[in-house]
Protein chains: 2
Amino acid sequence: MGGDFGPRITVEASLAVLKDHPDLSITLFGDQEQIAPYLPKESQPNLSVAHAPSVIASNMRVMSALREGSDSSMQLALDRLASGSACAVVSAGNTGALMALARRTLGMIPGIDRPAISAAMPTLKGDCQVVDLGANLDSSPEMLKQFAVLGRALVRVTTGRDPKVGLLNVGSEETKGNETLREASAQIAELSDINYIGFVEGADLFVGEADLIVCDGLVGNVALKSSEGVAKLLAHRLRQVFASSLYTRVVAWFARPMLNTLIKSLDAGQRNGALFLGLNGLVVKSHGAAKVNDFKAALENTLEMLKSDLPQQLAAQVARDLNCSP
Amino acid sequence: MGGDFGPRITVEASLAVLKDHPDLSITLFGDQEQIAPYLPKESQPNLSVAHAPSVIASNMRVMSALREGSDSSMQLALDRLASGSACAVVSAGNTGALMALARRTLGMIPGIDRPAISAAMPTLKGDCQVVDLGANLDSSPEMLKQFAVLGRALVRVTTGRDPKVGLLNVGSEETKGNETLREASAQIAELSDINYIGFVEGADLFVGEADLIVCDGLVGNVALKSSEGVAKLLAHRLRQVFASSLYTRVVAWFARPMLNTLIKSLDAGQRNGALFLGLNGLVVKSHGAAKVNDFKAALENTLEMLKSDLPQQLAAQVARDLNCSP
């Protein structure tokens, strides 16, 4: 039910993914009447609908969602995950509500207080994971340390490599930033075996010196979305520059394959599907503005995470890092 | 003396600007011996050197700069501005130290507590001013309101238009964000005659729905630098895509003028020179990584600000907005 375009996106994307993955089963949680028009006429063996009497609105406050959301599509989907009859929940709905309901329903990995949102950003040297992308505002030093623990475990489990970890700040000198950042930096540096490179700046998000960048949710969210914004602006300018005269239009015809490759690489949709790190279970948040192909990408990225047995592996890694039992 | 490359950049840029502006006089504050090698053999009537015994290092803490910086190049330049024998100070040095020394030396416009850094970002619909870009971390609601007052006055004075004002957050719904942002939003909405559009997201920085975006310094700094980072990444990918085969290289030869136009528009250097808003005097901060042409742009942008009598106009506008005497 979530996202800017409602069930049309989620239903069409689910059907497309089921076509490619015949072993997969998907249950759609939401208002049966609103979902029905988008379902194919012949019944799909691997696609079912679980009716939910209510929906968490995109502007609903977290407290209201916790109080009134018990029969919402979001809550019912999370209940299915908690009961063990589902492997993962994917939602394009209200981020704050999804986080709060998931935390209450699934619980946290021992040693971790709150979920953090993580996604990979492209850099000159490969991908860089960024934690947190908007789940936690006003993060304390202890929370930033936990983001480092979670992010490092994620990179280790998914790539087998030990990431270089940076903490996002206004400058790379250790005197920069506020008390929170300097205290967080000291705490992260003390984590056992951490490959910590200290403070990094916004530009470093795309340079690739760090494989994991830790930041407060407001900062990470703005960095992610402003990068997507600038990529769109540049794609727009690219089209403008090549449309300015007959000559440029002829050249553009020959350059089309290269330009399409570039414009496609600017498309954040294929990277859609951010992970809620730290939960006892796999919950993936799709961009609210996701179109069918973007939501399909979120589903496919979730399947990849399931293949590597991510939630269990992650909990085990965090337990080793923090010396507590998983 | 400031910046990553020292006096070579500032001296060469000053000489280049003086060539285009024979009415201008520039005084270089710094270590005479380090500056001398870059000066031309014949003396320049409009260029002088004021020797400073010490320098504020880029990693010096603000408290140390305030305590020990009294004979630094930065302080001596600010003293010259405070005495009225200079119209503006341009520096590529330590941002925090420059802000603190400038505040102590020049004082603030009535009604404004601390300087904020402002610069224009390109959008699909023209420029968008962003305040603050890194001078203030942990901004309170009252400070964010002052950024709105300063930014609005700047846009009014420099463009004659009344800006649409947005407050940067993780989402545009009014329930998003933390207490600080919601309280700041309420305070900004109450400013007289404000054209306030509420919360905006990172992507809106480049869409152009707002003409002025208000944010905490850490958030603004990371947004600005990550946008520059993604622009560099895309320029790199553009070159890669066109270098991949003989065919693409032939097309690239014909497409070169368009690609150069685009790559130039990605270059943040021409926008170099961020304004310290709120001071009794014109202080401009150049990017530390500025090359000669970038620092030249900072000097030229400063000249433009002087032409519109910016500091006086700004103080008068803020006084009208806050109903206090300038």
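Residues numbered from 1 in each chain as written. Chains lettered and ligands numbered in written order. Predicted model: local features only at pLDDT ≥ 70, side-chain atom pairs only at ≥ 80, totals over all residues.

Our focus in this paragraph is the overall build of chain A. Each helix and strand in chain A was counted, giving 11 helices and 10 strands. Relative to a compact globule of 326 residues, whose C-alpha radius of gyration would be 20 Å, chain A shows 21 Å and is just as compact. Residues classed as buried in chain A amount to 53% of the 326 residues present. Within chain A, residue pairs in contact and separated by at least 24 positions form 68% of the contacts whose partners lie at least 6 positions apart. (Helix = DSSP H or I, 4+ residues; strand = E, 2+ residues; numbered from the N terminus. Rg over C-alpha atoms; globule rule 2.2 N^0.38 Å. Buried ≥ 20, exposed ≤ 12 C-beta atoms within 10 Å, placed from the backbone. Contact = placed C-beta atoms within 7 Å.)

Residues and elements named next belong to chain A. End to end, helix α10 (residues 292-307) covers 23 Å across 16 residues, agreeing with the expected 22 Å (1.5 Å per residue, within 8%). Listed as buried for α10 are D294, F295, K296, A297, A298, L299, N301, T302 and M305. Against α1 (7-20), β3 (88-91), β9 (274-277), β10 (282-285) and α11 (310-322) lie the buried residues of α10. Looking one or two residues past α10, D309 carries a phi angle of roughly 55°, positive in sign. (Expected span 1.5 Å × (residues − 1).)

Residue and element names in this part refer to chain B. Put simply, helix α1 (residues 7-20) and helix α10 (residues 292-307) touch, their axes get as near as 8 Å, and they point 55° apart. If you check the angle between α1 and α10, you find them oblique. Note that α1 runs across α10; the crossing there is right-handed. Residue-level inspection shows I9, T10, E12, A13, S14, A16 and V17 of α1 in contact with α10, the latter providing V292, F295, K296, L299 and E300. Its residues assigned to classes, the contact of α1 with α10 shows seven nonpolar, two polar and three charged. (Axes fitted to C-alpha atoms, helices over the stretch in contact; angles between N-to-C directions. Parallel < 35°, antiparallel > 145°, perpendicular 65-115°, else oblique. Left-handed = near helix turned anticlockwise from the far one by under 90°. Nonpolar A, V, L, I, M, F, W, Y, C, P; charged D, E, K, R; others polar.)

Here the focus is the environment of L98(B). Residue and element names in this part refer to chain B. On the secondary structure map, L98 appears in helix α5 (residues 95-106). Given 28 C-beta atoms within 10 Å, L98 falls into the buried group. Expressed as a C-alpha distance, the spacing of L98 and V62, which sit 36 residues apart in the sequence, is 8.7 Å.

Let us look at the nonpolar core. In terms of nonpolar packing, the biggest core is built from 207 residues, with V214(A) and V214(B) touching the most fellow members. If sequence neighbours within four positions are ignored, V214(A) has contacts with V131(A), L144(A), F147(A), A148(A), G151(A), V165(A), L167(A), L168(A) and I188(A). (Core = buried A, V, L, I, M, F, W, Y, C linked by C-beta atoms within 7 Å.)

Right, let's talk about the environment of Q187(A) for a bit. All names here are of chain A. Here Q187 shows up in helix α7 (residues 179-189). Among the residues examined, Q187 registers 17 C-beta atoms within 10 Å and is labelled partly exposed. When residues no more than four places from it in sequence are discounted, the contact partners of Q187 are P141, E142 and K145.

Mapping chain A onto chain B leaves a residual RMSD of 0.1 Å; the transformation is a rotation of 180° accompanied by 0.0 Å of translation along its axis. Both copies are brought into coincidence by an operation consistent with a two-fold rotation axis. (Least-squares fit on C-alpha atoms with pLDDT ≥ 70 in both.)

Our focus in this paragraph is the sheet that holds strand β7 (residues 195-200) of chain B. Residues and elements named next belong to chain B. As summarised here, the arrangement of the eight strands in space is β3-β10-β9-β4-β5-β8-β6-β7, forming an open sheet in which the pairing is mixed. Two strands in the sheet have a free side with no partner beyond their single neighbour: β3 (88-91) and β7. Neighbour-to-neighbour, the strand axes of the sheet open up by a mean angle of 30°, direction not taken into account. Relative to strand β10 (residues 282-285), β3 runs parallel, the two being bridged by four bridges. The residue bridging A88 from the neighbouring strand is L282, located in β10. (Pairing = 2+ DSSP bridges.)

Residues and elements named next belong to chain A. Per-residue pLDDT for chain A averages 91, and the proportion of residues at 70 or more is 98%. Of all the helices and strands in chain A, helix α9 (residues 246-265) carries the lowest mean pLDDT, 80, while helix α4 (residues 73-82) carries the highest, 98. Taken over the whole predicted complex, pTM reads 0.87, whereas the ipTM for its chain interfaces reads 0.84. (pLDDT = per-residue confidence, 0-100.)

What follows deals with the sheet that holds strand β6 (residues 164-168) of chain A. Residue and element names in this part refer to chain A. Strand order across the open sheet formed by eight strands is β3-β10-β9-β4-β5-β8-β6-β7, with mixed pairing between neighbours. Single-partner strands in this sheet number two, and they are β3 and β7 (195-200). If you compare each strand with its neighbour and ignore which way they point, the axes differ by 30° on average. Two strands pair when backbone bridges link them, and strand β4 (residues 116-123) and β9 are joined in this way by three bridges, in the antiparallel orientation.

Each partner contributes to the interface: chain A provides 53 residues, whereas chain B provides 52 residues. Going through the elements one at a time, β4, α8 (217-242) and α9 of chain A are the ones with two or more residues in the side of chain A that touches chain B. When residues in the side of chain A that touches chain B are grouped by element, the largest group, 22 residues, is from α8(A). Considering only residue class, the side of chain A that touches chain B consists of 27 nonpolar, 17 polar and nine charged.

A word on α9(A). Helix length check: α9(A) (20 residues) gives 27 Å between terminal C-alpha atoms against 28 Å at 1.5 Å per residue, within 8%. The axis of α9(A) is deflected most strongly, by about 70°, at A255(A), and proline P257(A) appears within four residues downstream. Turning to α9(A), its buried residues are V251(A), A252(A), A255(A), M258(A) and L259(A). Lining the buried residues of α9(A) we find α8 of chain A together with α8 (217-242) and α9 (246-265) of chain B. (Bend = angle between axes of the 7 residues up to and from the residue.)

Further remarks concern unusual backbone geometry. Cis peptide bonds are those with omega within 30 degrees of zero, and the linkage from V131(A) to D132(A) qualifies with 10°. Among the structural elements, D132(A) can be located in the loop between β5 (126-131) and α6 (141-159). In this structure, D309(B) takes a positive phi of about 55° despite not being glycine. In this structure, D309(B) sits in the loop between α10 and α11 (310-322). Classification of D309(B) as exposed rests on a count of 12 C-beta atoms within 10 Å.

In this section: the packing of helix α6 (residues 141-159) of chain B against helix α7 (residues 179-189) of chain B. Residue and element names in this part refer to chain B. It is the contact of α6 with α7, at a shortest axis distance of 8 Å, that shows an interaxial angle of 45°. As summarised for this structure, α6 and α7 are arranged oblique, according to the angle between their axes. Here α6 runs over α7; the crossing is right-handed. For the pair formed by α6 and α7, the contact residues are P141, E142, L144, K145 and A148 on the first element and T180, E183, A184, Q187 and I188 on the second. Classifying every residue of the contact of α6 with α7 gives five nonpolar, two polar and three charged.

On to the environment of I26(A), then. Residue and element names in this part refer to chain A. On the secondary structure map, I26 appears in strand β1 (residues 26-30). Taking the C-alpha atoms as reference points, I26 and Q313, 287 residues apart in sequence, are found 23 Å from one another. In contact with I26, not counting residues within four places along its chain, are S14, L18, N46 and L47.

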